[in-house]
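Analysis of the macromolecular model
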Amino acid sequence: MKQYKKWLLIFIVMFAAAAAAVILLVVYVDPFFQYHEPLEDFPYVVDNQINQNPGMAKHMDYDSVILGSSMTVNFNTNWFQELMGLKTLKLSYSGAFPRDEANIMDIVFKSGHEVKAAFLGIDVITYTGGVEETKYPIPKYLYDDNVWNDISYVLNKDVLLEYILRPLADPDKTDLATVYASWWTEEYYNKQWVMHNYEQPEPVEEEADPENYVNNVTVNLDANICPYIEANPDTEFYIFYPPYSILFWNDVLRENHMEATMREYEYLTECLLEYDNVRVFFFPSQEWIVSDLDNYADYSHYHPDINRYMTECFASGECEVTKENLHAELTKMRDIVKTYDFEELFSVEY
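Okay, so let's go over this structure.

Conventions used here
Residues numbered from 1 in each chain as written. Predicted model: local features only at pLDDT ≥ 70, side-chain atom pairs only at ≥ 80, totals over all residues. Heavy atoms only, no water. Pairing = 2+ DSSP bridges. Helix = DSSP H or I, 4+ residues; strand = E, 2+ residues; numbered from the N terminus. Contact = heavy atoms within 4.5 Å. Axes fitted to C-alpha atoms, helices over the stretch in contact; angles between N-to-C directions. Buried < 20%, exposed > 50% of the residue type's maximum accessible area, 1.4 Å probe, protein only. Right-handed = clockwise from strand over helix to strand, strands pointing away.

Attention now moves to the sheet that holds strand β4 (residues 236-241). As summarised here, the arrangement of the six strands in space is β2-β1-β3-β4-β5-β6, forming an open sheet in which the pairing is mixed. Two strands lie at the open edges of the sheet, namely β2 (88-92) and β6 (320-321), each paired on one side alone. With four bridges joining them, strand β1 (residues 64-68) and strand β3 (residues 117-121) adopt parallel strand pairing. In the sheet register, L67 faces β3, and the bridge partner there is L120. Most of the contacts of helix α3 (residues 77-84) go to β2, to which it runs at about 140 degrees, and overall it touches β1, β2, β3 and β4.

Here you go:
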């Protein structure tokens, strides 16, 4: 029995030593940036929005942030330095709901950074969702300040293998200027590809009630967006609506929520323009973008050149809407959809 106890003790000590070594290595490298800024020479791989965004928000060097869904992943943060003099950090969440934005803004504005500007893309289709809804489950231990619940991070096999050992074996450091960029290469941005992969939704007979949309938007704004605008008057919020392609609007027509969607744009914008530190940019009415399917890789995701154009607009003020010109832009959007020849578009076999 004494021999067994001896070997058991040796095993426990070795196991504890190995666990301690892993913990120390993870904390030292910190691939999710929970404890410190990146080591200067380590080839960090940044490809996990849910797990890595909170640490980046805590410890990266920045004075402005990009927030939003996959509609924001093709921004190059160097453009914001070039055009606006801002050191910008991209914190995109593909498929983001308003609660996803609240979760990361909570960290950004508690991080101690002086945040001069926040560029927030709003997808109207998500603002009618539940106020607590997130695209993916949130690992709360990475989003709080309690180090004692970080065991799932510091003793995580995937963190060790995929984010420390693999980068060391095959160094390919992520460029933070283009982090999370979509996988589509140039050949995917064309009408043929988009139409080949597009499926029309089934028609809906009953028209959506615009007030139902407004009710959900109100709750989401009040809980997830406006508190951060109100609490940070020195931060300028650049709110923008992405330019989905004309196929998105075909979906809207077939699903019978055109007026509800337009009312949502109107209500969101009117609410946000009540704040002195908010500017709103409306890109859906840019016909040269939305009507040209060569600008897209699917019905909503546009070429990085469009992201560049939007950045230029943030700098110049082009495409900005105010209380005075909002309704003119909404009318322009209605006219684009109303006059577009969908019959001709779908008459060709792709």
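We are not done yet, so read on.
Turning our eyes to something else, we now look at the environment of D276. Checked against the element boundaries, D276 lands in the loop between α11 (258-272) and β5 (278-282). The exposure class of D276 is exposed, given its relative accessible area of 82%. For the pair D276 and A118, spaced 158 residues apart in sequence, the C-alpha separation works out to 14 Å.

Let's shift gears to the side chain of N220. Summarising the element assignment, N220 is placed in helix α9 (residues 210-231). Relative accessible area serves as the criterion here: at 0%, N220 is assigned to the buried category. Dropping the residues within four chain positions of it, N220 is found in contact with P98, T126, Y127, G129, G130, V131 and I225.

β1 sits mainly inside the fold: five of its five residues count as buried. The two faces of β1 match: S64, I66 and G68 on one face and V65 and L67 on the other face are all buried. Following the chain from β1 across α3 to the adjacent parallel β2, one finds a crossover that is right-handed.

Function cannot be read off these values alone, since they describe shape.
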